[in-house]
Each structure stands twice: as structure tokens, then as C-alpha cells.
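Structural description and commentary
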Amino acid sequence: MAEEPVVRTGPVLAVFAHPDDMEICAGGTLARWAADGREVHLLVLTNGDRGSNDPTLSRAALARTRLAETEAAASFLGLRSARVLSTHDGELQNTSAVREAVVRRVREVKAETVVSCDPTAVFFESRYYNHSDHRMAGWVALDSVFPGSGNPHFFSEHLGEGLSAQEVFDVWLGWTHEPNRIEPFDEPSFRKKVDGLGLHASQITEGIAYWDDALGKDARESGEKVGAPFAEEFRVLDLG
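Residues numbered from 1 in each chain as written. Predicted model: local features only at pLDDT ≥ 70, side-chain atom pairs only at ≥ 80, totals over all residues. Heavy atoms only, no water.

Describing the packing of aromatic side chains
- All chains considered together, the criterion is met by six aromatic pairs.
- A ring pair is formed by Trp172 and Phe234, whose centres lie 5.3 Å apart and whose planes are at 75 degrees; its orientation type is edge-to-face. Taken as a pair, Trp172 in strand β7 (residues 170–174) and Phe234 in strand β9 (residues 230–238) lie far apart in primary sequence, 62 residues in all. Accessibility assignment for this pair places Trp172 and Phe234 in one class, buried.
- Seen from their ring centres, Tyr210 and Trp211 are 5.3 Å apart, and the 80 degrees between their planes marks the pair as edge-to-face.
- Positioned above the aromatic ring of Trp33, the side-chain terminus of Arg38 is 4.8 Å from the ring centre.
- Just above the ring of Phe76 sits the side chain of Lys192; from NZ or CZ to the centre is 4.3 Å. (Phe/Tyr/Trp six-rings, centres within 6.5 Å; stacked < 30°, edge-to-face > 60°. Helix = DSSP H or I, 4+ residues; strand = E, 2+ residues; numbered from the N terminus. Buried < 20%, exposed > 50% of the residue type's maximum accessible area, 1.4 Å probe, protein only. Lys NZ or Arg CZ within 6 Å of the ring centre and 35° of its normal.)

In C-alpha cells form, the structure reads like this:
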């Protein structure tokens, strides 16, 4: 008989590449966790300054807009905090400096769960292949958790700042081809997911209706597998 999954209740850090990735990938789950009382934080690894096809648009201005959108959406979903790094869109690399920022945030919020996207998922049917920043964000998240946040010899300068090593108990990877967990949520959490995405107005120039339909279709199909109205699928690594 398969063991029941451990139900975690401690702080969560969501680590994604772009300002609107969290809502699309895991917004329903994170909104439900926040509504249930879990402390959820967001760390975005790039500033999204290339998220437009308008050649006349200032990238610096776009980055400022996307920061404001990220903060508004995170607040709307009930997240405790949102932080955006200054890395340029499309230039994310798995460097020590980026991992330090992630490890620092894990330790600051004492995250027990990290949520990101599966870096091994590259090709999606014959229509799309995963953005390099998405893939890199997944590797950065994984390498920051292990070996990283739980080992005091990684970024030991943090100890002098009063930050202790922090073990992460589980990692949830969305946008995966190998899901082993289907996380259910209800209509209010789905509406939070979609309406939160809608607050990224600079990215939803075609209107939110397309995303409402597309995300609803996926979430309902996943929910049917576990007898729930909606769900999101993850590859979950139980490390604790």
C-alpha cells in the first residue's frame, strides 16, 4: 500500500524565472495554501524586462511595471512577500551569485517547502519548448536546496548575519512531464489564480479570457483525476 503523502504546514518559498510564471504554474495551489494559513513567499529570478514585443518600450520602465504587477498579484493571492531580482530577462544562469540569493531567501523565511518548475521538461508536444529561464530556474532552485540551504558551509557568510542553515523538506516542481502529486483546489483558489495572473496587465494584452479558458481546461482535467473541481500536477521530491 502506498504511503500517504506528508502534509507540510511550514513556510513556502516559490522560486520562478519571470514575474507571471508563479500564477500560471502553481497559482491555484499557492493560493489555497495561503488561504489555509501557510506562509507563502515568492522569489522571481529575473526582472522580466524583455516581456514585450514593442521595440519602442523602455526595458527599464517595463521592469518597474512588472515589479509593481508582481507585488500586486502576490498580495492578491495572499502571499506573505514577493521579491524580484535584477537579472535581465533571458540571461538567467545557474551561478553562485544567483544561488546565494535563493539560499539567503530560504534561510530568511525558514522555508520548509520550495516550489519551482521541472527543469527536465523541455519539449511540450510539437508546439512549444520550454524557455531557457524556466529550465534554469528549476536547476537553480534544486541546487540551492541541495547542496545549499541546509549546509552551513555553503554561503557561510550568512551565519555571521544571524541566518541559520535551513533544511528544505520537500520540493514541488510544476510544468512537469513526470507528475507524482495532483494537488486539488477549489473554485475560489482557481479564481485567485486567474485573477492574479490578470494583474500582470503588461503581459495580458489579449485579455484574460484566453488564459481563463486554457488554465481552466488544464486544471479541470487534473482535478478529474482526483475527484476535485480543479488541481495542478507536480513532481514532488520528499527530502525530509
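Don't stop here, the text continues.
Points about the environment of Glu233
- Position of Glu233 among the secondary structure elements: in strand β9.
- Separated by 222 residues in sequence, Glu233 and Pro11 have C-alpha atoms that sit 20 Å apart.
- Ignoring any residue separated from it by four or fewer positions in sequence, one finds Glu233 in contact with Leu173, Gly174, Thr176, Pro179, Arg181, Ile182, Ser222 and Lys225.
- Of the polar contacts made by the side chain of Glu233, one reaches the side chain of Ser222; its length is 2.9 Å.
- Engagement of the side chain of Glu233 in a polar contact is seen with the side chain of Lys225, the distance being 2.9 Å. (Contact = heavy atoms within 4.5 Å. Polar contact = N/O pair within 3.5 Å; in protein donor to acceptor, adjacent residues only side chain to side chain.)

Side note on the packing of helix α3 (residues 96–109) against helix α4 (residues 132–149)
- In the contact formed by α3 and α4, the axes pass within 9 Å of each other and the chain directions differ by 65 degrees. One element, α3, and the other, α4, form an angle in the roughly perpendicular class. Crossing hand, α3 versus α4: right-handed. Of the residues in α4, those touching α3 at Val98, Arg99, Val102, Val103, Val106 and Arg107 are Val140, Asp143, Ser144, Gly148 and Ser149.
- Partitioning the contact of α3 with α4 into residue classes produces five nonpolar, three polar and three charged. (Axes fitted to C-alpha atoms, helices over the stretch in contact; angles between N-to-C directions. Parallel < 35°, antiparallel > 145°, perpendicular 65-115°, else oblique. Left-handed = near helix turned anticlockwise from the far one by under 90°. Nonpolar A, V, L, I, M, F, W, Y, C, P; charged D, E, K, R; others polar.)

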